[in-house]
Amino acid sequence: DKSGDFLFECLFKSGISNQPYSKNINDNLKLKSTYITNVLKCVPPQDRPYLNELSNCSIYFNQEIVKLKNLKVIVTLGKVAFDNCVKIYKNKFKNRKKYMFKHGQTQLLPNKTIIIPCYHPSPRNVNTGIISDKMMVRLFVKAKKLAKL
């Protein structure tokens, strides 16, 4: 989709991927020490998930995060992803710290993993200038430096 096209173009420009697109599992895409997943495993009506959908999917997201033994930096695409990722970490570590969604602002999660919120690369956000390829590439370059890639 258009969000993915924008995302993979930015990953390529920032040196995280070997090509500016991903069309299917056999397209030879290679990511440099990067794992891509989503908090929500379905596309909700009007792109607004219900709490029960997020709750159901957070189980799978949490299982994925636990398996990433060398996780240093998380870039969340959109406020829904940020809020739910933070919620999982707050629950896991019984943390009450306030986390704010501010594009590009680095914050430390309780286990010292860095979280960086990013505006979602939806066509609406791209077309209205909320996020640009320069903004996203800059954020990915920052994440690479923080992860020491």
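Up top you'll find the structure we're talking about.
Residues numbered from 1 in each chain as written. Predicted model: local features only at pLDDT ≥ 70, side-chain atom pairs only at ≥ 80, totals over all residues. Heavy atoms only, no water.

K.L.:
What am I meant to see in the pairing of strand S3 (residues 114-118) here?
P.N.:
Moving residue by residue along a regular strand, the side chains alternate between the two faces of the sheet. Here S3 lies mainly inside the structure; five of its five residues are buried. Relative to S3, strand S1 (residues 73-77) runs parallel, the two sharing five bridges. Of the residues in S3, the one forming a bridge with Val 75 is Ile 116. Of the strand pairs in this sheet, strand S2 (residues 107-108) and S3 are connected by two bridges, and their pairing is antiparallel. From the neighbouring strand, Gln 107 faces S3, where its bridge partner is Ile 115. Between S2 and S3, which pair antiparallel and follow one another directly, the connecting turn spans five residues, one of which, Lys 112, has a positive phi of 80°. (Buried < 20%, exposed > 50% of the residue type's maximum accessible area, 1.4 Å probe, protein only. Helix = DSSP H or I, 4+ residues; strand = E, 2+ residues; numbered from the N terminus. Pairing = 2+ DSSP bridges.)

K.L.:
Where do I start with the state of the cysteines in this structure?
P.N.:
If you walk through the whole model with that rule in mind, you get zero disulfides. In this structure Cys 85 is a free cysteine whose sulfur lies 14 Å from that of Cys 118, the closest cysteine sulfur available. Here Cys 118 stays free of any disulfide, with the sulfur of Cys 10 as its closest cysteine sulfur at 8.3 Å. Residue Cys 118 is classed as buried on the basis of its relative accessible area of 0%. (Disulfide = S-S within 2.5 Å.)

K.L.:
I keep staring at the packing of aromatic side chains and nothing clicks. Help me out?
P.N.:
Any two aromatic rings considered together are summarised by their centre-to-centre distance and by the angle between their planes. Counting across every chain of the model gives three aromatic pairs. Each ring, one from Tyr 89 and one from Phe 93, has its centre 6.2 Å from the other, and the planes form 10°; the classification is stacked. Taken together, the residues span about one helical turn, with Tyr 89 and Phe 93 both in helix H3 (residues 79-93) at a distance of four residues. On the basis of relative accessible area, Tyr 89 is assigned to the buried category, the value being 4%. Taking 5.9 Å as the distance between ring centres and 50° as the angle between the ring planes, the aromatic pair formed by Phe 101 and Tyr 119 counts as tilted. (Phe/Tyr/Trp six-rings, centres within 6.5 Å; stacked < 30°, edge-to-face > 60°.)

K.L.:
Before we go on, may I ask you to explain unusual backbone geometry in this structure?
P.N.:
Keep in mind that most residues, glycine aside, have a negative phi and that most peptide bonds are trans. The backbone of Asn 28 sits at a positive phi, close to 70°, despite the residue not being glycine. With respect to the helices, strands and loops of the structure, Asn 28 is situated in the loop between helix H1 (2-13) and helix H2 (51-67). Residue Asn 28 is classed as exposed on the basis of its relative accessible area of 52%.

K.L.:
Is there a simple way to explain the sheet that holds S1 in this structure?
P.N.:
Each strand in a sheet pairs with its neighbour through backbone hydrogen bonds, running either in the same direction (parallel) or in the opposite one (antiparallel). Pairing in this open sheet of three strands is mixed, and the strands run S1-S3-S2 from one edge to the other. The open sheet has two edge strands, S1 and S2, and neither has a second partner.

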